Amino acid sequence: MALLSLTKLLLTKAPCYANNPANLKVTMRNLMSKQLVYAQFGDPLHVVKYRECAIPKLKSTEVLVRMLAAPVNPADINTIQGKYPVKVELPCIPGNEGVGIVEEVGGNVQNISKGNKVIVTKPVQGTWRDIATFDEDVLMVVPDNLGVVEAATLTVNPCTAYRMLTDFQPVKEKGLVVIQNGANSACGQNVIQICKSWGVKNINIVRNRPDIADLKKYLEDLGATYVLTEEEVRSTTIFKEKKIEKPSLALNCVGGKSSTEMLRHLQHSGKMVTYGGMSRDPVIIPTSAFIFKNVSFHGFWMTAWNEKANQADKEKMMKDIITLMCENKLKGPAHKLVKFDQYQEALGNALTTKGFIGCKYILDFSCTF
Ligand code: NDP
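A few words now on the packing of aromatic side chains. Enumeration over the complete set of coordinates arrives at six aromatic pairs. Ring geometry for phenylalanine 168 versus phenylalanine 300: centroids 6.3 Å apart, planes at 85°, classification edge-to-face. Of this pair, phenylalanine 168 sits in the loop between helix 5 (157-164) and helix 6 (171-174) while phenylalanine 300 sits in the loop between strand 13 (296-299) and helix 12 (302-308), placing them 132 residues apart in sequence. Its relative accessible area of 14% is what places phenylalanine 168 among the buried residues. A ring pair is formed by phenylalanine 340 and phenylalanine 365, whose centres lie 4.7 Å apart and whose planes are at 65°; its orientation type is edge-to-face. Here phenylalanine 340, found in the loop between strand 14 (335-339) and helix 14 (343-351), pairs with phenylalanine 365, found in the segment after strand 15 (360-364); they are 25 residues apart in sequence, far enough to count as distant. Sitting above the plane of the phenylalanine 356 ring, arginine 207 keeps its charged end 4.0 Å from the centroid.

Two side chains carrying opposite charge are able to pair once their charged atoms lie near each other. Inspection of every chain in the model, using the stated rule, returns eleven salt bridges. One salt-bridge network, in which partners are shared between bridges, spans Arg234, Glu261 and Arg264.

All right, on to helix 5 then. Across the eight residues that make up helix 5, a large majority, eight, are buried. Within helix 5 the residues assigned to the buried category are Asn157, Pro158, Cys159, Thr160, Ala161, Tyr162, Arg163 and Met164. Tucked into the core, helix 5 has its buried residues touching helix 7 (186-198), strand 11 (249-252), strand 12 (271-274), helix 12, helix 13 (311-326) and strand 15.

Further remarks concern the pairing of strand 10 (residues 226-229). Across four bridges, the pairing between strand 9 (residues 202-206) and strand 10 is parallel. Looking at the pairing, isoleucine 205 lines up with leucine 228 of strand 10. Between strand 9 and its parallel partner strand 10, the chain crosses via helix 8 (residues 212-222), and the hand of that crossover is right-handed.

Structurally, glutamate 97 is set in the loop between helix 3 (74-80) and strand 4 (99-105). Although glutamate 97 is buried, it forms no salt bridge, and the closest oppositely charged side chain is lysine 360 at an N-O distance of 6.6 Å. A distance of 2.8 Å separates the side chain of glutamate 97 from the backbone nitrogen of valine 156, its partner in a polar contact.

Counting through the fold element by element, asparagine 96 comes out in the loop between helix 3 and strand 4. A polar contact is formed between the side chain of asparagine 96 and the side chain of aspartate 76, at a distance of 2.7 Å. Within the structure, asparagine 96 has its side chain in polar contact with the backbone nitrogen of valine 124 (distance 2.7 Å). With residues up to four places along the chain from it excluded, the contact list for asparagine 96 reads Asp76, Val120, Lys122, Pro123, Val124 and Thr127.

In the neighbourhood of the ligand, 25 residues make up the surrounding shell, with Asn184, Arg207, Met302, Phe356 and Lys360 lying closest. Alanine 186 places a main-chain nitrogen or oxygen 2.8 Å from an oxygen atom of the ligand. Contacts to the ligand include methionine 302, whose backbone N or O atom sits 2.7 Å from an oxygen atom. Protein contact buries 88% of the 910 Å² of open area that the ligand shows by itself. Sorting the residues of the shell around the ligand by element identifies helix 5 and helix 7 as the ones contributing at least two each.

With that out of the way, let us pick up the pairing of strand 6 (residues 131-135). Side-chain direction in a regular strand flips from residue to residue, so the side chains alternate between the two faces of the sheet. Most of strand 6 is tucked away, with four of its five residues classed as buried. Taken together, the five bridges between strand 3 (residues 62-71) and strand 6 define a ladder with antiparallel strand orientation. Looking at the pairing, valine 65 lines up with alanine 132 of strand 6.

Once that is clear, we can look at the layout of surface pockets. Approximately 490 Å³ is the volume found for the second largest pocket. Lining the second largest pocket are 17 residues, and of these Thr121, Lys122, Asn306, Gln311 and Lys314 lie nearest its centre. Those elements giving two or more residues to the lining of the second largest pocket turn out to be strand 7 (139-142), helix 12 and helix 13. Looking at the lining of the second largest pocket element by element, the count peaks at five residues for helix 13.

Judged by side-chain polarity, Phe290, Ile291 and Phe292 come together as a nonpolar surface patch covering roughly 370 Å² of accessible area. Looking at the secondary structure, you find isoleucine 291 in helix 11 (residues 287-291).

With that settled, consider the environment of arginine 129. With respect to the helices and strands, arginine 129 occurs in the loop between strand 5 (117-120) and strand 6. Under the relative-accessibility criterion, arginine 129 is labelled buried at 8%. With 95 residues separating them in the primary sequence, arginine 129 and lysine 34 have C-alpha atoms 5.5 Å apart. Among the polar contacts made by the side chain of arginine 129, one reaches the main-chain carbonyl oxygen of glycine 126 at a distance of 2.7 Å.

Below, the discussion takes up the domain arrangement of the chain. Where interface size is quoted, it is often the accessible area lost as the parts come together. Domain parsing of the chain yields domain 1 (26-153 + 334-367) and domain 2 (157-304). Across the boundary between the two partners, domain 1 contributes twelve residues, which contact eleven residues of domain 2. When domain 1 packs against domain 2, the two sides together hide about 900 Å² of surface, and 53% of this comes from carbon and sulfur. A per-residue breakdown of the area domain 1 buries against domain 2 is headed by Ala334, Thr353 and Phe356, which together make up 44% of the total. Summed over the shared surface of domain 1 and domain 2, the result is three residue pairs in polar contact (both at pLDDT 80 or more).

Cut-offs used in this document
- Residues numbered from 1 in each chain as written.
- Predicted model: local features only at pLDDT ≥ 70, side-chain atom pairs only at ≥ 80, totals over all residues.
- Heavy atoms only, no water.
- Phe/Tyr/Trp six-rings, centres within 6.5 Å; stacked < 30°, edge-to-face > 60°.
- Helix = DSSP H or I, 4+ residues; strand = E, 2+ residues; numbered from the N terminus.
- Buried < 20%, exposed > 50% of the residue type's maximum accessible area, 1.4 Å probe, protein only.
- Lys NZ or Arg CZ within 6 Å of the ring centre and 35° of its normal.
- Salt bridge = Lys/Arg side-chain N within 4 Å of Asp/Glu carboxyl O.
- Contact = heavy atoms within 4.5 Å.
- Pairing = 2+ DSSP bridges.
- Right-handed = clockwise from strand over helix to strand, strands pointing away.
- Lys, Arg positive; Asp, Glu negative; His and termini not counted.
- Polar contact = N/O pair within 3.5 Å; in protein donor to acceptor, adjacent residues only side chain to side chain.
- Near = heavy atom within 4 Å.
- Areas by Shrake-Rupley, 256 points an atom, 1.4 Å probe, with all protein chains shown as cover.
- 1 Å grid on protein atoms, 1.4 Å probe; cavity = no way out; pocket = protein on both sides within 12 Å on 5 of 7 lines; lining within 4 Å.
- Points joined across faces, edges and corners; volume = space filled by probe spheres on them.
- Patch = residues over 30% accessible without salt bridge, like charges linked within 9 Å, V, L, I, M, F, W, Y side chains within 5 Å.
- Domains from an automatic or database assignment.
- Buried area = accessible area lost by both parts, 1.4 Å probe.

In structure tokens, the structure reads:
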């Protein structure tokens, strides 16, 4: 009955089966899910629609989750646009990350119980809905005291930051310096906080803006050693004056001139890891970087890592990140919670190509249409 109090009795609506065609076989139950869906690729503001539809009866390995929050990430937008290299079947409920509370479990569910706080750990499960059924194996139970924003945004950016700081250079073990652009991105904020908790010095590049002093202070409070604008990074004397060692690891989510400038400061045999291309300009590498500096260039994609990684590495990463979060050493990104019925505000802001959004938009399901 508790679940019924969260939802409406189905009267006339048809069932929907997006993201889970197998549901066609099961009996419908009288529960309604409010959700976003798209049936064709294109401009998210046009192709993403709101609908209510029936929740089918739970299968034995499924879990019914009342969603609390789910972020709107650049990859979600690119997926809806049909520009992201992950295959989705249409119609599709968008959203790759999210957190919720378990309302009910199927008969063969082993490790999840009613009342657990859970996050969705695999992509393309469709998190932009208030009530959802997921297979047990795409969920992970997280501590009750983990913050909603931290939990909702855990699997993409904190994991990406953690891996990039772990898999390319021994920054923690050898105390190597890290430099990154797009440092105010959600991923960048995680890089800064993980560096701080690991004792790793970090140099952070952001674009100039009228409130640059506030942004610098925000990032310094998170643990940034230095925050420089893209103009300042060209003329900085911090290396000449030996205030800090040259970096051995550069993390690039911007591309274009920004990555070229960052590259100029890398140590001999340093590594640049590209994980995003927010400027939409290509990464340009001077020939001398290859020949005289022996710099190497790498790409990183969290989705690909997750597909190949062994369970032990995944568990260690999740445990380390959740521990940092529960110890308040790793907080969620600067964000704006947007009521689910105002989803177009979140989509519209996340769509802009010029940037300067200032925060991560997170859908908040604690509202009714
Ligand atoms: P956010 O929306 O939190 O941050 C976006 C960042 O991009 C901000 O720093 C913003 O800076 C900058 N930016 C936006 N537009 C431009 C522009 N035109 N030129 C230069 N900088 C710009 O994003 P996330 O942290 O969620 O993601 C950041 C990037 O990392 C994305 O490209 C995303 O796809 C990628 N990513 C990749 C992963 C992977 O596995 N490879 C995993 C996670 C993220 P400003 O405030 O100056 O606009």
